[in-house]
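Each chain is listed here by its residues.
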Amino acid sequence: MSHHIVEVKHLQHIYADGTVALQDVNFTIHHGESVAIIGANGAGKSTLLLHLNGYLTPTAGEIRIGDFPLTKKTLPEIRRTVGMVFQDADDQLFMPTVFDDVAFGPFNLGLPVDEVKQRVKDVLEQVGAAHLQEKPPYHLSGGEKKRVAIATVLSMSPDILVMDEPTSGLDPYARRQLLGLLRDFRHTRIFTSHDLDMVLELCERTIVLHRGTVKADGPTLEIFGDEALLAECRLEKPLSMQGCPVCGRGK
Amino acid sequence: MHMADALLSPAVGGTMWGVAAGTIAYSSMKVKKELDDRKVPLMGVLGAFIFAAQMINFTIPATGSSGHLGGGLLLTILLGPYAAFLTIASVLVVQSLFFADGGILALGCNIFNLGFFPAFIAYPFIYRRIAGNEPSKARLTAAAIIAAVVGLQLGAFSVVLETVASGISSLPFSTFVVLMQPIHLAIGVVEGLVTAAVVSFVSVARPEIIRGATESVSLGSLPLRNVFLSFLAATLLTGGIVSWFASENPDGLEWAIAKVTGSGEVTGAEDGVHGMLAALQEKIAFLPDYSFKENAAPAEEGVAYAGEAKGDEAARLGTSVAGGVGALICLTLAFFIGFVLKRRLVSEK
Amino acid sequence: MRSIDGAVLDLKRLDLLATGDSAIHRLDARAKVLTTLVFIVTVVSFNRYEFTALFPFFIYPVVIASLGNLPAGYIVRKISMVVPFAFVVGMLNPLFDRELFFHLGPFAVTGGWISCASIIIRTVLTVGAAFILVAVTGFLSVCQALERLGTPRTFTVQLLFLYRYIFVLTEEGARASRARELRSCGRKGLGLASFGSLIGHLLIRTWLRAERIHMAMLARGFTGEFHSRQVSGFGWGELFYLVGWSTLFVTLRMENAAQWLGRLVMGLLS
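These numbers were taken from a predicted model, which means no experiment stands behind them.

How each quantity is defined
Each chain carries its own residue numbering, running from 1 in the direction its sequence is written. Chains and ligands are labelled by the order in which they are written, letters from A for the one and numbers from 1 for the other. The predicted nature of this model means local features are confined to residues of pLDDT at least 70 and side-chain atom pairs, given and counted, to a pLDDT of 80 or more, with totals for whole chains, interfaces and linings taken over all residues. For side-chain calculations, the full set of non-hydrogen atoms in the structure is used, while hydrogens and water are omitted. When checking whether two residues touch, look at their non-hydrogen atoms; a contact exists if any pair is within 4.5 Å. By convention in these notes, a salt bridge is any Lys or Arg side-chain nitrogen within 4 Å of a carboxyl oxygen on Asp or Glu. Whenever a nitrogen or oxygen atom comes within 3.5 Å of another N or O atom, the pair is scored as a polar contact, on the condition that within protein one atom can donate a hydrogen and the other can accept it, and that pairs from neighbouring residues in sequence are kept only if both atoms are in side chains. Under the DSSP-based scheme used, a helix requires at least four consecutive residues in state H or I and a strand at least two consecutive residues in state E, with every element numbered from the N terminus. Throughout this entry, Asp, Glu, Lys and Arg are counted as charged residues, while Ala, Val, Leu, Ile, Met, Phe, Trp, Tyr, Cys and Pro are counted as nonpolar. The remaining residues, Gly among them, count as polar. Buried residues are those whose accessible area, probed at 1.4 Å on protein chains only, stays under 20% of the maximum for their type, while exposed residues exceed 50% and partly exposed ones sit between those limits. We call two strands paired when DSSP finds no fewer than two bridges between them. To qualify as a nonpolar core, a set must consist of buried Ala, Val, Leu, Ile, Met, Phe, Trp, Tyr and Cys residues joined through side-chain atoms within 4.5 Å. Between rings of Phe, Tyr and Trp, where Trp is taken as its six-membered ring, a pair exists when centres lie within 6.5 Å; planes separated by under 30 degrees are stacked, by over 60 edge-to-face, and by other angles tilted. Computed with a 1.4 Å rolling probe, the buried area is the accessible surface lost when two parts are put together, summed over both parts. Both cavities and pockets are sets of points on a 1 Å grid over the protein atoms alone; in a cavity a 1.4 Å probe fits but cannot get out, in a pocket the set is open with protein on both sides within 12 Å along at least five of seven lines, and lining residues sit with an atom within 4 Å of a point. Grid points are joined across faces, edges and corners, and a volume is the space filled by probe spheres set on the points. The pLDDT score gives, residue by residue, the confidence of the prediction method on a 0 to 100 scale. Only the stretch in contact is used when a helix axis is fitted, and all axes are lines through C-alpha atoms; the angle between N-to-C directions ranges over 0 to 180 degrees. Oblique is the label for any angle not under 35 degrees, not over 145, and not in the 65 to 115 range, which are roughly parallel, roughly antiparallel and roughly perpendicular in turn. In this scheme, a crossing is called left-handed if the near helix is turned counterclockwise away from the far one by less than a right angle; it is called right-handed if the turn is clockwise.

## Remarks on the interface of chain C and chain A
Each side of the interface is counted separately: chain C has 28 residues, and chain A has 28 residues. Here Asp101(A) and Arg220(C) are joined by a salt bridge, their closest N and O atoms 3.3 Å apart. Applying the counting criterion to the chain C and chain A interface returns 12 residue pairs in polar contact (both at pLDDT 80 or more). Among the elements that make up the side of chain C that touches chain A, the one with the highest residue count is helix 11 (residues 192-219) of chain C (10 residues). Residue composition of the side of chain C that touches chain A, grouped by class: 16 nonpolar, 3 polar and 9 charged.

Here you go:
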């Protein structure tokens, strides 16, 4: 079934002040793929993500999610299909307690109370945050907030997960835990990140954005091996692919 | 500027609760009708912003003392009257519960004094009229200062009325007015300057925020008649309460006047400074104990000192000593009970 | 002026107390909100010269704080932060109200002094009641109670949003003002111009955050309606709590228990 395909064709976005953020962006992401979108600051990553769940409308071009083109009519269905995890979990956790926050989406889907409760329980267990259920979000640590934010999205049972900088601001342990969690998901996954080691671990495919256009699109290892490309796009090899500074041994 | 529970009578506090609750209900309905669900998070976050902004100080020009933003006018410029009123009210609720700014009963007064005037009077009738749609910086500053001053003057006057009508503070009306209004004139000018500074900063950096706000609350969509009517209703209610209160005393308005002049009498009797005092002497003779008369319900022991003539000092002292001893016992008892309860709770665990 | 960080810590502490688990915590919030209201109204309904009759009312905050297992020192400290303000306001009374009440040894006690003392006791009682309500109920439950008592949902949602983002924004504000202080070389505040742009920046960031939150809400199917679960019910326990306390308050309002006790004890002693 071609259900979970993300197809972006000739996407262009120009902001109201005339800034061209995206220019002729094309790619297709298939069911179950894990794809990273990388690029320097201001390359257009966030703008691109905001198109995927319809928060921004393309100036030109087309986006198809599954079998539907993204239009005003298909918007609610697409927003349910594409779960988006924001960079700052505080923006996503706006309800008074973790339970209310995770239940927010399912309630909006019109599910009965018992089913909502069950879902909340399930997804919180899935992200390892079941014990946080009654806590208010401001009493959570950064790592806990991130997991709960992911749970709020999972509760909508999306087919595609879109995450903006999932590891930013996390300590090494919380980051490691999060990577473990993300690796187990079977959803189609799209990440943006400056954490290139994470990209190397989680994504078999990488799309490089540079000044609003797709500069490269291919297997992650191949892209990280192309030093000229990385330098041009203000990126560098993940640390784990660089030589060891102490013993001087190469990869 | 915040009214406090301790200075309020239940009648005044209750009425203002009613007025505030009514305005909140009406504004909620209006905001809901606008169907702009973008406003839901915006109001919440801007309320939190005001909360944070109030804690950041700046130096008041030419004085060296520090001030902070009140925010009522700024919120109204950004959100429009109804949403701003709800936002101000919500900030005051949190302040009363967590920082005891004001108090729970005084909430009604505070919401009215600090929310109603900037949102429904100062903004639509003054700020919008002067500033128009694309104000120059000077015009914007002038509009903000005048609007803030008027809003705060009305608010301060309302504090005076509420306090005097409650009759817990002995501060006479005239003295209170003389104290409050000039202070709030200064506060208003500063508030206006700050509001103008923030608005002009934002309108340069992100013009769409200010522009969007002005469009969404164009005067046409603001039913001035309703605002007038609700203001009228509020005034009538407050007035009604004041006069109802006064009617417990022998002579409505005279009561209010007596309150003002009466305390002058007491000071005057001692130092004989006030010339007008002689003329009042007669009136004082009429109401020798006016200050005790108010709310001296017969059921209460307070009458023990209140109702009695001046001569019975010994008797008063007697009841007072008994009361004092009893009060101490009560306090001890209360804390002893608390201690025992807590001990039991701990040992249960 | 309270420091931003201090205020936030204080807020968090009070909020954490509400997560406690005691018989009082478990009561439906409506009972606690209404009881607090009755308490405050009875306390402030005394005339201004009533002083001793207020003391028996201490039984309520003390009992609730004990049953709710609240840290007494913290509550007392919080209340005592407000008392100076009450004192300033109350001090005006002795200036204007010099009616002599009685002599206590060498001191002439005037009506003004009595009403001043009364204002301070009122403050302690009303402020204490408010803090204790929040500490044994929690802001969320207070809001839910308000909603179930008829507050429009638009307003309770506003309260919840505000409360949620106070924690985020005060931290943001504290960072900005710290940065400004560090660069203002020890001078306490800064001019209006820098204040305007500092607040302006904060405002713009706030605005963008609101847009992101709105986006997050839309992404999860927000259509303008808020759904919530019913947590607790108003049962016999709640009714008993509300009626019991209210009866006590009204009785204490009608009869000066302190006076009565004092007379009894003095009668026994003499």
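## Some points on the pattern of salt bridges
Tallied over the full model, the rule gives 23 salt bridges over all chains. A salt bridge links Glu227(A) to Lys237(A), with the nearest nitrogen and oxygen atoms 3.1 Å apart. Note that Glu227(A) is positioned in helix 10 (residues 227-232) and Lys237(A) in the segment after helix 10, a separation of 10 residues in sequence. On the accessibility criterion, Glu227(A) (51% relative accessible area) is exposed. The salt bridge partner of Arg26(C) is Asp21(C), with a shortest N-O separation of 3.0 Å. With a relative accessible area of 52%, Arg26(C) lands in the exposed category. Taken together, the shared-partner salt bridges connect Asp88(A), Asp91(A), Glu172(C), Arg205(C), Arg209(C) and Arg212(C) into one network.

## Brief notes about the sheet that holds strand 5 (residues 68-69) of chain A
Strand-to-strand pairing in sheets goes through backbone hydrogen bonds, with the strands running parallel or antiparallel. All names here are of chain A. Ordered by their spatial adjacency, 4 strands build an open sheet running 2-1-4-5, and the pairing between neighbours is antiparallel. Two strands close off the open sheet at either side, each with one partner strand: strand 2 (20-29) and strand 5. Bridge count between strand 4 (residues 60-65) and strand 5: 2 bridges; the pairing is antiparallel. Paired with Ile 65 across the two strands is Phe 68, which belongs to strand 5.

## A word on unusual backbone geometry
All names here are of chain A. Of note, Asp 24 is a non-glycine position whose phi angle comes to about 50°, a positive value. In this fold, Asp 24 is placed in strand 2. When its relative accessible area of 42% is taken as the criterion, Asp 24 is described as partly exposed.

## Considering the nonpolar core
Of all hydrophobic cores here, the largest spans 198 residues; its most connected members are Phe49(B), Phe98(B) and Tyr127(B). The biggest single contributor to this core is helix 5 (residues 107-131) of chain B, with 15 residues. Residue contacts for Tyr127(B): discarding those within four places in its chain leaves Leu73(B), Ile77(B), Ala122(B), Gly132(B), Leu140(B), Ala143(B), Ala144(B), Ala147(B) and Val199(B). Core analysis: the second largest hydrophobic core is formed by 49 residues, Val116(A), Phe191(A), Leu202(A) and Ala216(A) among them.

## Details of the packing of aromatic side chains
Residues and elements named next belong to chain B. The full count for this structure, using the stated rule, is 31 aromatic pairs over all chains. With a centroid separation of 5.9 Å and 70° between ring planes, the pair formed by Tyr 26 and Tyr 82 is classed as edge-to-face. Taken together, the positions of Tyr 26 in helix 1 (residues 10-34) and Tyr 82 in helix 4 (residues 81-98) put the pair 56 residues apart, joining distant regions of the chain. In this structure Tyr 26 comes out as partly exposed when scored by relative accessible area, which is 26%.

## Topic: the interface of chain C and chain B
Accessible area lost upon the coming together of the parts is a frequently used measure of interface size. At the junction of the two partners, chain C supplies 112 residues and chain B supplies 108 residues. Together, Arg48(C), Phe96(C) and Trp207(C) form the three largest contributors to the area buried by chain C at its contact with chain B, with a combined 8%. Connecting chain C to chain B are 0 salt bridges. Element by element, the count of residues in the side of chain C that touches chain B is highest for helix 11 of chain C, at 20 residues.

## Structural notes on the layout of surface pockets
Here the second largest pocket defines a volume of roughly 1,500 Å³. In terms of lining residues, the second largest pocket is bounded by 47 residues, among which Tyr15(A), Leu50(A), Arg206(B), Leu208(C) and Glu211(C) are the most central. For the lining of the second largest pocket, the secondary structure elements donating two or more residues are helix 1 (45-52) and strand 6 (82-85) of chain A, helix 2 (39-53), helix 3 (72-79) and helix 8 (207-216) of chain B together with helix 11 of chain C. It is helix 11 of chain C that contributes the most residues to the lining of the second largest pocket, 7 residues altogether. Taken together, the residues of the lining of the second largest pocket break down into 22 nonpolar, 12 polar and 13 charged.

## Some details on the confidence of the model for chain C
Residues shown with low pLDDT carry predicted positions that ought not to be read at fine detail. Residue and element names in this part refer to chain C. With 94% of its residues at a pLDDT of 70 or more, chain C shows a mean pLDDT of 84. Within chain C, the lowest mean pLDDT, 74, falls on strand 1 (residues 100-104), and the highest, 92, falls on helix 3 (residues 29-44). Scoring the predicted complex yields pTM 0.80 and, for the interface, ipTM 0.88.

## With respect to the pairing of strand 1 (residues 6-14) of chain A
Residue and element names in this part refer to chain A. Bridging between strand 1 and strand 2 involves 6 bridges; their strand directions are antiparallel. Paired with Val 6 across the strands is Ile 29, a residue of strand 2. A loop of 5 residues connects strand 1 with strand 2, the two strands running antiparallel in sequence, and Gly 18 in this loop sits at a positive phi of about 95°. Across 5 bridges, strand 1 lies against strand 4 in antiparallel orientation. Across the sheet, residue Val 6 finds its bridge partner in strand 4, namely Ile 65.

## A word on the pairing of strand 8 (residues 188-192) of chain A
Residues and elements named next belong to chain A. Burial of strand 8 is extensive: 5 of the 5 residues sit out of reach of the surface. Across the two faces of strand 8 the burial is the same, with Thr 188, Ile 190 and Thr 192 and Arg 189 and Phe 191 all buried. Judged from the 4 bridges that link them, strand 3 (residues 34-38) and strand 8 form a sheet pairing that is parallel. Considered in strand 8, the bridge of Ile 37 is made with Thr 192. Bridge count for strand 7 (residues 160-164) against strand 8 is 5 bridges, and the pairing is parallel. Each residue of the ladder has a partner; that of Met 163, found in strand 8, is Phe 191.

## A short note on the packing of helix 2 of chain B against helix 3 of chain B
All names here are of chain B. At their nearest, the axes of helix 2 and helix 3 sit 11 Å apart, and the two run at 160° to each other. Accordingly, the angle class assigned to the pair helix 2 and helix 3 is roughly antiparallel. With respect to the hand of their crossing, helix 2 and helix 3 are arranged in right-handed fashion. When helix 2 is examined against helix 3, the residues Lys 39, Leu 42, Met 43, Leu 46, Phe 49 and Ile 50 are found in contact with a partner set consisting of Leu 74, Leu 75, Leu 78 and Leu 79. Taken together, the residues that form the contact of helix 2 with helix 3 break down as 9 nonpolar, no polar and 1 charged.

## Regarding the sheet that holds strand 9 (residues 205-210) of chain A
Residues and elements named next belong to chain A. Overall, mixed pairing links the 6 strands, which are arranged 6-7-8-3-9-10 in an open sheet. Whereas interior strands pair on both sides, the edge strands pair on one side only; in this sheet they are strand 6 and strand 10 (213-219). Neighbouring strand axes in the sheet, compared pairwise and without regard to direction, differ in orientation by 15° on average. Pairing between strand 9 and strand 10: 6 bridges, direction antiparallel. Pairing of Ile 207 across the sheet is with Asp 217, part of strand 10. Of the strands in this sheet, strand 3, strand 6, strand 7, strand 8 and strand 9 touch helix 1, which is tilted by about 150° from strand 7. With respect to the sheet, helix 6 (residues 142-154) is in contact with strand 6 and strand 7, its orientation differing from that of strand 6 by roughly 165°.

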